[in-house]
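Each chain, written out:
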Amino acid sequence: MTMRLFSIIFSALMAMIMRNIVLFVQTTDAGLTKEVDAFYDKTLIKPLRSAWVFGKYGQKREVKENNVIRFSKYPILGTQPIALTEGVTPDAQQLTKSSVTATVSLYGGYVEITEECDIYRMDPVVAIAQERISWQAVETVDEITRDIIFGGTNAFYAGGVGGYANVATACTAADLRKLARAMMIKTTPFFKSMITASTGVGSSPIQNAWLFFCSPQVIYDLENSVTGWVNVTKYATQGGVEEHEVGSFGSFRMIMSTNCPVRSGGGASGSTTYANNGSNFDVHKCLAIAPDAFGVVNADGGIKTIRKDKAQIGGPLELYGTAGWKARYTAKILDDDRMYRYECAVSL
């Protein structure tokens with residue numbers, strides 16, 4: 001009787017242990033996949049906030065069913081300087097709308113990770129691979145945006161010369177004031193709020209301003225040679241300061257980017273004082289923008305990170321996994337009157 005009771009208890013205990021083992025394996029497998037998915041998705045957040053400099057300030061659209069996105073433009077109504085007549089209803093005004101379309105293209109890249117680096121484990125190699133391709137993704141769409149928006153028709157060249165081939169001076173206060181005057185004449189609206197860096201979607205109020213993208217070399221000249229330059233550390237308050245904002249001049253808030261285009265040796269003849277290629281000055285492109293100057297695909301939802309473990313993609317011998325990304329993306333100038341390209345030389 002005692003042996004039989006022991007046998008029953010032992011069998012029940014073993015069955016319980018086996019059930020727990022099965023449950024443990026199943027729960028761990030499913031839970032790990034979700035955990036790793038969340039982990040790798042988060043690796044895209046940091047570069048999206050830090051490296052997506054230009055596109056952050058465009059009018060954003062989501063990609064829907066096809067590869068064409070549509071941006072809407074609503075012209076200003078103008079004034080109504082006519083007094084109303086008592087008892088007479090005035091004619092209704094017509095709100096007009098025009099549309100601008102852009103075709104989205106597909107971009108992407110990936111790296112292979114050998115079987116020694118199991119992609120389902122959060123070891124340093126896999127994490128670093130995912131981080132690197134995430135930065136590549138965001139820097140790629142930022143470069144695409146740059147190439148498009150710096151191609152606008154409004155251009156102003158340092159010293160008031162007629163073209164970039166004649167540029168022979170660095171950025172000056174007089175140039176920036178003339179640029180501001182040109183934008184004011186076009187009644188170019190100011191930015192009144194900025195994207196909140198902590199969320200990427202909210203906004204916070206700021207002092208009325210235009211944004212001015214420029215390279216570190218241009219910033220150097222602003223800091224050392226331009227009277228009226230205010231370093232960001234000297235602002236009365238740090239509220240609303242953008243992540244890449246380094247200072248301001250007049251109505252311009254300066255956003256620094258190492259991705260601003262440079263015409264190597266594209267300027268006037270010269271090999272001293274300013275950066276050059278040995279015979280001609282380099283010309284740095286800057287860009288002043290107002291709200292809704294251009295539109296972009298919302299990269300926050302347009303970039304996707306993709307990982308495949310060795311069982312999924314490693315072939316018959318399961319030799320490797322992959323970490324990659326793809327994005328459906330484009331940018332489009334919506335209103336040339338809301339942007340001005342400024343080109344100048346920079347000091348040695």
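One can find the structure itself at the top, above this paragraph.
Bear in mind the structure is a predicted one, so any value in this text is a computation, not a measurement.

**Observations concerning the overall build of the protein**
Then, number 1: From N to C terminus, the protein includes 7 helices and 17 strands.
Then, number 2: Looking at the protein as a whole, 40% of its 348 residues qualify as buried.
Then, number 3: For the protein, the proportion of contacts with a sequence separation of at least 24, taken over those separated by at least 6, is 72%.
Then, number 4: Entry remark: accessible area of the protein is about 19500 Å², with carbon and sulfur atoms responsible for 55%.

**Description of the packing of aromatic side chains**
Then, number 1: For the coordinates displayed, the defined rule picks out 9 aromatic pairs.
Then, number 2: Seen in terms of ring centroids, Phe-212 and Tyr-342 are 6.3 Å apart; in terms of plane orientation they differ by 50°. Their pairing is tilted. One end of the pair, Phe-212, is in strand E7 (residues 203-214); the other, Tyr-342, is in strand E17 (residues 339-344), with 130 residues separating them in the sequence.
Then, number 3: Using a relative accessible area of 0% as the deciding quantity, one classes Tyr-342 as buried.
Then, number 4: Cluster of aromatic residues (ring-pair linked, three or more members): Phe-156, Phe-190, Trp-210, Phe-212, Phe-252 and Tyr-342.
Then, number 5: The ring centre of Tyr-164 lies 3.7 Å from the NZ or CZ of Arg-263, which sits over that ring.

**Examining the pairing of strand E13 (residues 294-297)**
Then, number 1: Side chains Phe-294 and Val-296 project from E13 onto one buried face, and the interleaved Gly-295 and Val-297 project onto a second face that is buried too.
Then, number 2: In the sheet, strand E1 (residues 59-61) pairs with E13 via 3 bridges, with the strands oriented parallel. Bridge assignment links Gln-59 to a residue of E13, and that residue is Gly-295.
Then, number 3: As judged from the 3 bridges shared by E13 and strand E16 (residues 331-333), these two strands associate in the antiparallel manner. Note that in E16 the partner of Phe-294 across the bridge is Ile-333.

**Looking at the sheet that holds strand E4 (residues 105-114)**
Then, number 1: Here 3 strands make up an open sheet; going across it, the order is E4-E15-E14 and the pairing antiparallel. What marks the edges here is a single partner per strand, and that holds for E4 and strand E14 (303-308). In this sheet, neighbouring strand axes are inclined to one another by 15° on average, regardless of whether the strands run parallel or antiparallel.
Then, number 2: By the bridge criterion, 10 bridges tie E4 to strand E15 (residues 320-329) in an arrangement that is antiparallel.

What counts, and at which threshold
Residues numbered from 1 in each chain as written. Predicted model: local features only at pLDDT ≥ 70, side-chain atom pairs only at ≥ 80, totals over all residues. Heavy atoms only, no water. Helix = DSSP H or I, 4+ residues; strand = E, 2+ residues; numbered from the N terminus. Buried < 20%, exposed > 50% of the residue type's maximum accessible area, 1.4 Å probe, protein only. Contact = heavy atoms within 4.5 Å. Areas by Shrake-Rupley, 256 points an atom, 1.4 Å probe, with all protein chains shown as cover. Phe/Tyr/Trp six-rings, centres within 6.5 Å; stacked < 30°, edge-to-face > 60°. Lys NZ or Arg CZ within 6 Å of the ring centre and 35° of its normal. Pairing = 2+ DSSP bridges. Axes fitted to C-alpha atoms, helices over the stretch in contact; angles between N-to-C directions.

None of this, on its own, says anything about what the molecule does.
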